[in-house]
Amino acid sequence: MWPDIIRKAKEGGLNIIQTYVFWNLHEPNQGEWNFEGNRDLVKFIKCIWEQGLWVTLRIGPYIEAEWNMGEVPDIIFRSDNEPFKVENEYNNVQLAYRERGSSYVKWAANMALNLYNGVPWIMCKQKDAPPTVISTCNGRQCADTFPGPNGPTSLLSGPRTGLHSTEYSDTPSQRAAEDISFAVARFFTRNGTLNNYYMYYGGSNFGRTSSSSFVTTRYYDEAPLDEYGLRREPKFGHLRDLHRALKLSKKPLLRGTPKVERISQDLEITTYEKPSENLCVAFLTNNDTREAKTIHFRGKDYYLPSKSVSILPDCKTVVYNTAAIVAQHSSRNFVVSQQAKFSKWEMFKETIPIINDLTDRTPAPKELYSFTKDVSDYAWYSTSIKIDARDLPMRPDVRPGIHIASLGHALLAFVNGEYIGFEHGSNVEKSHIFRKPVNLKPGDNNITLLAMTVGFPNSGAYMEKRFAGPRAVTLEGLMSGTLDITNNKWGQQVGINGEKVPVYTEEGAKTVKWVPFAGTPSPVTWYKTYFDAPEGTNPVALRMMSMAKGGVG
C-alpha cells in the first residue's frame, strides 16, 4: 500500500511526509531487532524519496501517537532517567518532573545535535526548547495560539525562519474541509512555513498497537485519505486546491517581506512582497463567523464569505477561497462480495484454568500492566475457596454474589468452570465494578478471572504509575457475611494458549482440535473459517460489528 498512499498524498499537493519510529515495533523484545516487511523503515523512507517528497522523522522512543508504549524494566517514563530518553509534546508534562524535566529537555536537544547537525531538529510543542532546535506548534488553530519559534540560532534561521506546525490536528472529531483550509491558510498569513496534517491518512492500528485505552483499530477515518486509502471528497480536493494556491505563491512567500494590515475587527490583509523582483501575494481574511464582508484592496473590492481567506498569488487575482468548494463530493460504499463466501465455521475453546494449573503464585492478584509486560492483553487469575454448607443461603432462589473492583480495562469471570459474565470500563473511566450472582457449592470452589487491557497508557506524566487489573475480590450474600478473598492466594498466567500457538496462523491452526461451531457463541473461544479471495482490486473490509473484545487473524 505504501507507494499508492504516498502517490495519492503527492497528488493532493503534499511535498513532505512525517512518520514516527515505533521502537517497540522494531525491538519487540530487548536485544531482538526487526526491520523486515512492514517494519522496513528505510524502505518506507525510500518509497517517499522515489516520489520526490521530503521526510520529517520523529525518532522516539516516546512518540505518544495513541500507540502502545511498550515496556522497559525499571523505567521512569518521560524523565531524565537512563532507560528512557527522547520525547514528544513534553511541555504538557514537564512541570510534573520539576528540575529533571528541564534538564531532560536540554539533554535531548544536545544529544540530537551531537549525533548529526546537518538537518534541522525540532521539538513539538516545547515552549522552552533550547535555541539550537526549533519549537513547533501542535493544535487546531496554530495561527492564533502559537507564539512563534524560539531563539535566533536554530538551524533554519535566516531571512524567514517562520512558524512550523508539526501537528495541525484534525482528530478525533469530524472537521469540515472549509474549517481545515481556513486554519491552514490563516497559518500562512502568520508567517507559517511548514504545515503537517495530523492526520492526512488515518490508516489502521493492527494487532495490539493501538493505545490510549479503548482507541479502536480504526485510527482516523475522516482524513483526506480515509482508512482504506480512498480519497475523501470534498476534503481531499479542497485541500489540494489550497496547496496549489500556496505553491503558486511560493516565491513571494519565501522571498517577500510580510505585512499585516488590520482593516477592522474581522477584516485583515496580509501581503508578502518584494517589489524589486515584482513578487507579491495577498491573503484577504474575514474572521466573522456569521456574515460575509467586502474588502477594498489596491483599488478593487473583493467579496469574502464568512470565516474565509482568499489567496491572490499576484496580489490581483483570487485563485482560491477557503469557503468556496469546487471539489466534488464523494460517498464510500461497502458492497458484499459475491465470491468471498465463508465455508463452515469451526471453533476451539480455551481451557479455563484453575489455580492448580497456574504456577505463578502470589497472595493477591498481580497488577495487570506490569504483569503482562506488553506481551499480551490477557492474564488469567485463579483462586480456590472452601465453602461450608452452612454458609450457603437456605433459600434456593437466593444466590450469593461475587464483587470485583477492577482498575481496568475489562474482565471475564468463571466460577467452577461456569461463565459468570463480562464487564469493562471506558475511555473516560477505566476502572469498573464487576458484580454478578454465582452458583457456589459446599467444599472447594474455583474462581477464575480473565483480566484484559485495551491499550496501554500513552500520554501524561508518570505513566509507569498507572495500574490496571483486579484490585479487590469479595463474595457477598453468605450466611456468615461478606468474605474478602483478595489475599486468598492466587495463581496467574500471562496470555491465553491460542495466542502462544498461535492458532490464527495456518501452521498454528493445525496444532489444536477444532470442532463444528455449535451455533451459540461462547467466551474465550477461537472461530475459524475459509473463504475465497474477493473479486476486484478495491480495498477489502472485514465486517465484525457483532464482535466484543478480541482479535482477528
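Here the structure is a predicted model, which means the values were calculated and not measured.

Engineer: How would you explain the state of the cysteines if you had to name every residue and give the values?
Structural biologist: The full count for this structure, using the stated rule, is 2 disulfides. Note on cysteine connectivity: Cys 137 is disulfide-linked to Cys 142, with sulfurs 2.1 Å apart. For the disulfide bridge between Cys 137 and Cys 142, the dihedral angle about the S-S bond is near -90°, and by the sign convention the bridge is left-handed. Side by side, Cys 137 and Cys 142 carry an identical accessibility label, which is buried. Covalently, Cys 280 is tied to Cys 315 through a disulfide, its sulfur atoms 1.8 Å apart. An S-S torsion of about -70° defines the bridge between Cys 280 and Cys 315 as left-handed. With a gap of 35 residues between them, Cys 280 in strand S9 (residues 279–286) and Cys 315 in the loop between strand S12 (308–312) and strand S13 (320–321) connect regions that are remote in the sequence. The exposure classification of Cys 280 matches that of Cys 315, with both residues buried. Cysteine Cys 124 shares no disulfide, and the gap to the nearest cysteine sulfur, in Cys 137, comes to 8.0 Å.

Engineer: Lay out the UniProt feature "domain: Beta-galactosidase beta-sandwich" (unreviewed entry) in the protein in plain terms, naming residues and giving numbers.
Structural biologist: Annotation from UniProt places "domain: Beta-galactosidase beta-sandwich" (unreviewed entry) at residues 269–324. Secondary structure content for residues 269–324 is 0% helix and 55% strand, and the end C-alpha separation is 19 Å.

Engineer: I'd love a proper account of the side chain of Thr 166, names of residues and values included.
Structural biologist: Within the fold, Thr 166 resides in strand S5 (residues 163–169). Note on Thr 166: relative accessible area 1%, which makes it buried.

Engineer: Requested: an account of the confidence of the model for the protein, with residues and values cited.
Structural biologist: Summary statistics for the protein give a mean pLDDT of 91 and a share of 97% for residues scoring 70 or more. This model gives residues 152–160 a pLDDT under 50, and the stretch forms 25 contacts once residues within four places in sequence are excluded.

Engineer: Can you tell me about the pattern of salt bridges, naming the residues and giving the values?
Structural biologist: Across all of its chains, the model carries 33 salt bridges by this definition. A salt bridge links Arg 7 to Asp 4; the shortest N-O distance between them is 2.4 Å. Residue Arg 7 and its partner Asp 4 are both found in helix H1 (residues 2–11); the two are separated by 3 residues, about one turn of the helix. Given a relative accessible area of 33%, Arg 7 falls into the partly exposed group.

Engineer: Please set out the sheet that holds strand S3 (residues 122–124) residue by residue, giving values where relevant.
Structural biologist: Within the open sheet, the 4 strands sit side by side as S3-S4-S5-S6. Their pairing is parallel. Each of the sheet's edge strands pairs with one partner strand only, and the pair in question is S3 and strand S6 (192–198). Neighbour-to-neighbour, the strand axes of the sheet open up by a mean angle of 25°, direction not taken into account. Pairing analysis gives 3 bridges linking S3 to strand S4 (residues 134–139), with the strands arranged parallel. Within S4, the position partnered with Met 123 by the bridge is Ser 135. With respect to the sheet, helix H6 (residues 177–189) is in contact with S5 and S6, its orientation differing from that of S6 by roughly 155°.

Engineer: Explain the sheet that holds S9 residue by residue, including any values.
Structural biologist: Spatial ordering of the open sheet is given by S7-S8-S9-S12-S13, a layout of 5 strands whose pairing is antiparallel. Whereas interior strands pair on both sides, the edge strands pair on one side only; in this sheet they are strand S7 (257–262) and S13. Relative to S9, strand S8 (residues 267–274) runs antiparallel, the two being bridged by 8 bridges. Of the residues in S9, the one forming a bridge with Glu 268 is Thr 285. Seen against the sheet, H6 touches S7, S8, S9, S12 and S13 and runs at an angle of roughly 130° to S9.

Engineer: Lay out helix H3 (residues 41–50) with the relevant residues and their values.
Structural biologist: Of the residues making up H3, those classed as buried are Leu 41, Phe 44, Cys 47 and Ile 48. Relative to the axis of H3, the buried residues are bounded by an arc of 120° and lie together on one face. Exposed side of H3, more than 90 degrees from the buried face: Val 42, Trp 49 and Glu 50 are the residues found there. Buried residues belonging to H3 abut H1, strand S1 (16–20), helix H2 (23–26) and strand S2 (54–58).

Engineer: Go over a nonpolar patch on the surface, please, and point to the residues and values.
Structural biologist: Judged by side-chain polarity, Phe 342, Trp 345, Phe 517, Tyr 527, Phe 531, Leu 542, Met 544, Met 547 and Val 552 come together as a nonpolar surface patch covering roughly 830 Å² of accessible area. Take Phe 342: it is sitting in the loop between S13 and strand S14 (346–349).

Engineer: A description of the packing of aromatic side chains should follow, citing residues and the corresponding values.
Structural biologist: Inspection of the entire model under this criterion finds 23 aromatic pairs. Ring centres of Trp 380 and Phe 414 lie 6.3 Å apart, and the angle between their planes is 50°; this geometry places the pair in the tilted category. Of this pair, Trp 380 sits in strand S16 (residues 378–387) while Phe 414 sits in strand S18 (residues 410–415); the two residues are 34 residues apart in sequence, bridging distant segments of the chain. The burial state of Trp 380 is the same as that of Phe 414; both residues are buried. An aromatic cluster is present here, built from Tyr 90, Tyr 97, Tyr 104 and Tyr 462 joined pairwise through their rings. Above the plane of the ring of Phe 236 lies Arg 231, whose end atom (NZ or CZ) is 5.5 Å from the centre.

Engineer: I'd like a description of the environment of Phe 414, backed by residues and values.
Structural biologist: Judged by relative accessible area, which is 3%, Phe 414 ranks as buried. Spatially, the C-alpha atom of Phe 414 lies 5.1 Å from that of Thr 448, the residues being 34 residues apart in sequence. Aside from chain neighbours lying at most four places away, what touches Phe 414 is Ile 352, Trp 380, Tyr 419, Ile 420, Asn 446, Ile 447, Thr 448, Pro 523 and Val 524.

Engineer: Pulling in residues and values, what's your account of the nonpolar core?
Structural biologist: Core analysis: the biggest nonpolar cluster contains 37 residues, and Val 184, Tyr 197, Tyr 200, Leu 242, Leu 246, Phe 283 and Ile 311 have the highest contact counts within it. The set of elements that each furnish at least two residues to this core consists of H1, H3, helix H5 (142–145), S5, H6, helix H7 (235–248), S9 and S12. The element best represented in this core is H6, accounting for 7 residues. Those residues within four positions of Tyr 200 in sequence are excluded, and the remaining contacts are Ala 9, Gly 12, Leu 14, Ala 223, Pro 224, Leu 225 and Phe 236.

Conventions used here
- Residues numbered from 1 in each chain as written.
- Predicted model: local features only at pLDDT ≥ 70, side-chain atom pairs only at ≥ 80, totals over all residues.
- Heavy atoms only, no water.
- Disulfide = S-S within 2.5 Å.
- Buried < 20%, exposed > 50% of the residue type's maximum accessible area, 1.4 Å probe, protein only.
- Helix = DSSP H or I, 4+ residues; strand = E, 2+ residues; numbered from the N terminus.
- UniProt positions renumbered as here; feature names shortened; annotations may be inferred.
- pLDDT = per-residue confidence, 0-100.
- Contact = heavy atoms within 4.5 Å.
- Salt bridge = Lys/Arg side-chain N within 4 Å of Asp/Glu carboxyl O.
- Pairing = 2+ DSSP bridges.
- Axes fitted to C-alpha atoms, helices over the stretch in contact; angles between N-to-C directions.
- Arc of directions from axis to C-beta.
- Patch = residues over 30% accessible without salt bridge, like charges linked within 9 Å, V, L, I, M, F, W, Y side chains within 5 Å.
- Areas by Shrake-Rupley, 256 points an atom, 1.4 Å probe, with all protein chains shown as cover.
- Phe/Tyr/Trp six-rings, centres within 6.5 Å; stacked < 30°, edge-to-face > 60°.
- Lys NZ or Arg CZ within 6 Å of the ring centre and 35° of its normal.
- Core = buried A, V, L, I, M, F, W, Y, C linked by side-chain atoms within 4.5 Å.

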